[in-house]
Amino acid sequence: MTHSRTAQWLALLVPLALIAGALTSQYGFGLFPCEMCMWQRWPHYTAIVLAALSFVVAPARTPLVWLATLAIAVSGAIGAFHAGVEYGWWEGITQCATNFSGEGSALERIMNAPVIRCDVAPWDLFGVSLAGWNAIFSLGGALVIVTLMLKGKAK
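Source: prediction; values computed, not measured.

## Considering the overall build of the protein
Along the backbone of the protein there are five helices and four strands. Contacts spanning at least 24 positions in sequence make up 71% of the contacts within the protein whose residues lie at least 6 apart. Carbon and sulfur atoms form 69% of the exposed surface of the protein, whose accessible area is close to 9,000 Å².

## Quick word on the side chain of Asn-134
Mapped onto the elements of the fold, Asn-134 is located in helix α5 (residues 130-154). Look past the residues within four positions of Asn-134 in its chain and what remains in contact with it is Leu-18, Gln-40, His-44, Ser-75, Gly-76, Gly-79 and Leu-139.

## Looking at the nonpolar core
With 19 residues, the main nonpolar core has Ala-11, Ala-68, Ile-72 and Ile-145 as its most contacted residues. Of all the elements in the fold, those that place two or more residues in this core are α1 (3-27), α2 (35-56), α3 (61-86) and α5. Non-local contacts of Ala-11, meaning those with residues more than four positions away in its chain, are made with Ala-47, Ala-51, Val-65, Ala-68, Ile-72 and Ile-145.

## Concerning the packing of α2 against α3
Where α2 meets α3, the closest approach of the two axes is 8 Å, and the angle between their N-to-C directions is 165 degrees. Regarding the angle of α2 to α3, the classification is roughly antiparallel. Of the two possible hands of crossing, α2 and α3 adopt the one that is left-handed. Taken together, the residues that form the contact of α2 with α3 break down as 19 nonpolar, seven polar and one charged.

## Concerning the packing of α1 against α3
α3 packs onto α1 with a crossing angle of 40 degrees between their chain directions and a minimal axis gap of 10 Å. In terms of orientation, α1 lies oblique with respect to α3. Our pair here, α1 against α3, has a crossing hand that is left-handed. Taking contact as the criterion, the partners of Arg-5, Ala-7, Gln-8, Ala-11, Val-14 and Pro-15 in α1 are, on α3, Arg-61, Val-65, Ala-68 and Ile-72. Residue classes in the contact of α1 with α3 are distributed as seven nonpolar, one polar and two charged.

Cut-off values and rules
- Residues numbered from 1 in each chain as written.
- Predicted model: local features only at pLDDT ≥ 70, side-chain atom pairs only at ≥ 80, totals over all residues.
- Heavy atoms only, no water.
- Helix = DSSP H or I, 4+ residues; strand = E, 2+ residues; numbered from the N terminus.
- Contact = heavy atoms within 4.5 Å.
- Areas by Shrake-Rupley, 256 points an atom, 1.4 Å probe, with all protein chains shown as cover.
- Core = buried A, V, L, I, M, F, W, Y, C linked by side-chain atoms within 4.5 Å.
- Buried < 20%, exposed > 50% of the residue type's maximum accessible area, 1.4 Å probe, protein only.
- Axes fitted to C-alpha atoms, helices over the stretch in contact; angles between N-to-C directions.
- Parallel < 35°, antiparallel > 145°, perpendicular 65-115°, else oblique.
- Left-handed = near helix turned anticlockwise from the far one by under 90°.
- Nonpolar A, V, L, I, M, F, W, Y, C, P; charged D, E, K, R; others polar.

See below:
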């Protein structure tokens, strides 16, 4: 497999894996996302679409992989910012968010909805929050993809 083909696959698999993890933590383990968590997901969704298109639209393969890589890096940057908010390194730029689910009147759902704070990490592994892990894997993945793309271009 060529370097650029490996980069293409990574541009698809990195955001797919991160979104799968986010959705599993949300729906499987009840870790509801805050507003900034949701911000991190949108670039990954974009990267998935762009990378998937790169397998279908052969003439635009390379630009689509580059755009997918940019989207992955954007999610990582948002994750790094969010992790800094969670660790108290700086102030966030958003209010806390909540999700409305369940049955009953709107007032009952509002009163019973969990409050999801953007400045508190609901879970961590080795002291790194989910936003921090997203930053690490997204920025690291984007760096690997860029390196592979440049190696593929040099040949």
